[in-house]
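# Results of the structural survey
What follows is each chain in one-letter form.
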Amino acid sequence: MSGVIPAPGANSSGSKFKRRSYTPIADINVTPLVDVMLVLLIIFMVTAPLLQVGVPVDLPKTSASQVGGKDEPMVVSVNSQGEVFLGETKYDVAELGAKLKAIHEEKPDQRVFMRGDKSVDYGKMMEVMGVVIDSGFRQLGLLGEQAQALGRGGGTVSPATPAQPAPRAPTPQPQAPAPRR
């Protein structure tokens, strides 16, 4: 939005009509910039969760810490029906082996992560893991959800050795509400 401000000393004295000289305002209108930035923020907030691997897998829980790395790993997923995916592309186990061998020739130091639904047969996971290892990959990891999300603590488990149990105060029992009439 631009406007004009009368220049100082632009009035001529002694004339019936005053002549004004106007100069443009050189300020930036920030409102459209803020509007565009807020729209972009909302778009990125909505699309960011969709950029993850799209194969729905119910991962088992673990208390192990995350392992960092330099490059983006390949992800092999096995869903609850026993179907095998490399990224988001479905493969048979034999086709997966051929594809992984071709990838291993290009990138021999590539990391591979396996995601398996917790209802998948153990034998199926071992079969897929064997195909990945036979393809030449030695950096293989298994993915799971963090146990802290469930309210359980992480780390090592040590047995509790209480010296003497502390006396407990009786907890008041909740009373049932009276029926409405």
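Residues numbered from 1 in each chain as written. Predicted model: local features only at pLDDT ≥ 70, side-chain atom pairs only at ≥ 80, totals over all residues. Heavy atoms only, no water.

### Section: the overall build of the chain
- Each helix and strand in the chain was counted, giving three helices and nine strands.
- Secondary structure elements of the chain, listed N to C terminal, follow the sequence β-β-α-β-β-β-β-α-β-α-β-β.
- Residue burial in the chain is summarised as follows: out of 181 residues, 22% are buried.
- Counted over contacts in the chain with a minimum sequence separation of 6, partners at least 24 positions apart contribute 65%. (Helix = DSSP H or I, 4+ residues; strand = E, 2+ residues; numbered from the N terminus. Buried < 20%, exposed > 50% of the residue type's maximum accessible area, 1.4 Å probe, protein only. Contact = heavy atoms within 4.5 Å.)

### Comments concerning the pattern of salt bridges
- Evaluation of the coordinates by the stated rule reveals one salt bridge.
- Between Lys 90 and Glu 83 there is a salt bridge, and its shortest N-O distance comes to 3.2 Å.
- On the accessibility criterion, Lys 90 (48% relative accessible area) is partly exposed. (Salt bridge = Lys/Arg side-chain N within 4 Å of Asp/Glu carboxyl O.)

### Focus: the nonpolar core
- Judged by nonpolar contacts, the single largest core of 19 residues is most densely connected at Val 76, Leu 86 and Leu 96.
- The dominant element in this core, judged by the number of residues it contributes, is helix α3 (residues 122-134), at five residues.
- Aside from chain neighbours lying at most four places away, what touches Leu 86 is Met 74, Val 75, Val 76, Tyr 91, Leu 96, Lys 99, Leu 100 and Ile 103. (Core = buried A, V, L, I, M, F, W, Y, C linked by side-chain atoms within 4.5 Å.)

### What to know about the sheet that holds strand β4 (residues 74-78)
- Here five strands make up an open sheet; going across it, the order is β6-β5-β4-β7-β8 and the pairing mixed. Whereas interior strands pair on both sides, the edge strands pair on one side only; in this sheet they are β6 (89-91) and β8 (140-142). With strand direction ignored, the average angle separating the axes of adjacent strands in the sheet is 30°.
- Pairing between strand β5 (residues 84-86) and β6: three bridges, direction antiparallel. Following the sheet pairing, Phe 85 is matched in β6 by Lys 90. (Pairing = 2+ DSSP bridges. Axes fitted to C-alpha atoms, helices over the stretch in contact; angles between N-to-C directions.)

### What about the pairing of β4?
- For β4, the buried fraction is high: five of the five residues fall into the buried class.
- Burial along β4 is two-sided: Met 74, Val 76 and Val 78 facing one way and Val 75 and Ser 77 facing the other are all buried.
- In terms of strand pairing, β4 meets strand β7 (residues 112-116) through five bridges, oriented parallel. Within β7, the residue paired with Val 75 across the bridge is Phe 113.
- The sheet contact formed by β4 and β5 spans three bridges and is antiparallel. Bridging across to β5, Ser 77 finds its partner in Phe 85.
- Counted along the chain from β4 to the antiparallel partner β5, the turn is five residues long, and its residue Gly 82 has a positive phi close to 85°.

### Considerations on the packing of helix α2 (residues 93-106) against α3
- At a closest axis distance of 8 Å, the pairing of α2 and α3 adopts a crossing angle of 30°. Classed by the angle they form, the pair α2 and α3 counts as roughly parallel. The two elements α2 and α3 cross, and the hand of that crossing is right-handed. On the side of α2, the interface is formed by Val 93, Leu 96, Gly 97, Leu 100 and Lys 101, while α3 contributes Lys 124, Glu 127, Val 128, Val 131, Val 132 and Asp 134. (Parallel < 35°, antiparallel > 145°, perpendicular 65-115°, else oblique. Left-handed = near helix turned anticlockwise from the far one by under 90°.)

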